[in-house]
Amino acid sequence: MKNIAIIGAGTMGNGIAHTFAQNGFKVNLIDINETSLSKGLATINKNLDRMVAKEKISEIKKTETLANISAFTSIIEGTKNIDLVVEAATENIDLKLNIFKQLDQACAENTILATNTSSISITQIAAATNRPDKVIGMHFMNPVPIMKLVEIIRGYSTSDVVTQTIMELSKTLGKTPVEVNDYPGFVANRILMPMINESIETLYNGVAGVKEIDTVMMLGMAHPMGPLQLADFIGLDVCLSILNVMYEGFKNPKYAPCPLLINMVRAGKLGVKSGEGFYDYATSKKAEKIANQFLN
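Below or above, wherever it landed, is the structure these notes cover. (Residues numbered from 1 in each chain as written. Predicted model: local features only at pLDDT ≥ 70, side-chain atom pairs only at ≥ 80, totals over all residues. Heavy atoms only, no water.)

1. With respect to the environment of Met225
The residue Met225 is located in the loop between helix 9 (210-221) and helix 10 (227-234) in this model. For Met225 and Gly13, which are 212 residues apart along the polypeptide, the C-alpha to C-alpha distance reads 23 Å. (Helix = DSSP H or I, 4+ residues; strand = E, 2+ residues; numbered from the N terminus.)

2. Quick look at the side chain of His18
Checked against the element boundaries, His18 lands in helix 1 (residues 11-22). Given a relative accessible area of 1%, His18 falls into the buried group. Once residues lying within four places of it in the same chain are set aside, the contact partners of His18 are Ile44, Asn47, Leu48, Met51, Thr65 and Pro145. (Buried < 20%, exposed > 50% of the residue type's maximum accessible area, 1.4 Å probe, protein only. Contact = heavy atoms within 4.5 Å.)

3. Comments concerning the packing of helix 11 (residues 236-250) against helix 12 (residues 259-266)
Put simply, helix 11 and helix 12 touch, their axes get as near as 9 Å, and they point 130 degrees apart. Classified by the interaxial angle, the pair formed by helix 11 and helix 12 is oblique. For helix 11 against helix 12, the interelement crossing comes out left-handed. Taken together, the residues of helix 12 that come into contact with helix 11 (itself represented by Leu236, Asp237, Cys239, Leu240 and Leu243) are Leu261, Ile262, Met264 and Val265. Residues that form the contact of helix 11 with helix 12 fall into these classes: 8 nonpolar, no polar and 1 charged. (Axes fitted to C-alpha atoms, helices over the stretch in contact; angles between N-to-C directions. Parallel < 35°, antiparallel > 145°, perpendicular 65-115°, else oblique. Left-handed = near helix turned anticlockwise from the far one by under 90°. Nonpolar A, V, L, I, M, F, W, Y, C, P; charged D, E, K, R; others polar.)

4. Quick look at the pairing of strand 4 (residues 84-87)
The side-chain alternation of strand 4 yields two buried faces, one formed by Leu84 and Val86 and the other by Val85 and Glu87. Of the strand pairs in this sheet, strand 1 (residues 3-7) and strand 4 are connected by 4 bridges, and their pairing is parallel. From the neighbouring strand, Ile6 faces strand 4, where its bridge partner is Val86. What joins strand 4 to strand 5 (residues 112-115) is helix 5 (residues 93-106), and the crossover it makes is right-handed. (Pairing = 2+ DSSP bridges. Right-handed = clockwise from strand over helix to strand, strands pointing away.)

5. Focus: the packing of aromatic side chains
Evaluation of the coordinates by the stated rule reveals 3 aromatic pairs. Seen from their ring centres, Phe20 and Phe140 are 6.5 Å apart, and the 70 degrees between their planes marks the pair as edge-to-face. With Phe20 in helix 1 and Phe140 in strand 6 (residues 135-140), this residue pair connects regions lying 120 residues apart in the sequence. In this pair, the class of Phe20 matches that of Phe140, namely buried. Pairwise contacts between aromatic rings join Phe20, Phe25 and Phe140 into one cluster. When the ring centre of Phe25 is taken as origin, the NZ or CZ atom of Lys2, which lies over that ring, is 4.7 Å away. (Phe/Tyr/Trp six-rings, centres within 6.5 Å; stacked < 30°, edge-to-face > 60°. Lys NZ or Arg CZ within 6 Å of the ring centre and 35° of its normal.)

Structural data, given as structure tokens:
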């Protein structure tokens, strides 16, 4: 398994492409939006430059990594002779189902189809294809080149062979794969998102301020980043989407998103990517500085 296609050139997609390419895989990075594709490739180049500056990789390794990546705006063209596709598009069920229908038609019969979804049912996604046994979840953590964990999520029909193949593949990327079953939020977000939501509720109820809440969790619980700042880093719209998936999936009020989170998303206050969330990221340089504190 050496030929990989990544669907989506956003934060997760370009991070996944970077990681595979750096480990010697041939990668087709696919995004129908040429601007997003160019931005994703620029991000990979910038992150590789940072790794060279920190002497984590050589200039030669950077050149080899970039040479392993090809860019496409067509799923049909970008998935020819591919062993594995990893979908990393926006966390929207209708979009993902549409992509997997296209992939099922475009890809060879033995191609494994993976999704980087952080909460949506693998079983539901697999049902949109004629190969549910070859559909699996590969939930990478952000930032992908640095974070070690990959949640490997089995759908109802995912075969043992496919699961084992993806577990072993993840290890070749220097990751630690953890197999989990297909329930809303899986493990990481089923635990993380209620904590973030409760932090927002704590702010909403006036118990403490943003910095105070984050300081308690960083100094008292040894978290590298406070939950409200982490929510900004993830994207408040993404947090809301995941909470909604869990709320709909479990019908349990403990997963209901806080009204403050809902209103902030409606107002376009999405965190780092919009320039404002629980913190003010007035300039891109300030946002980058905060992100780099986490990356380091």
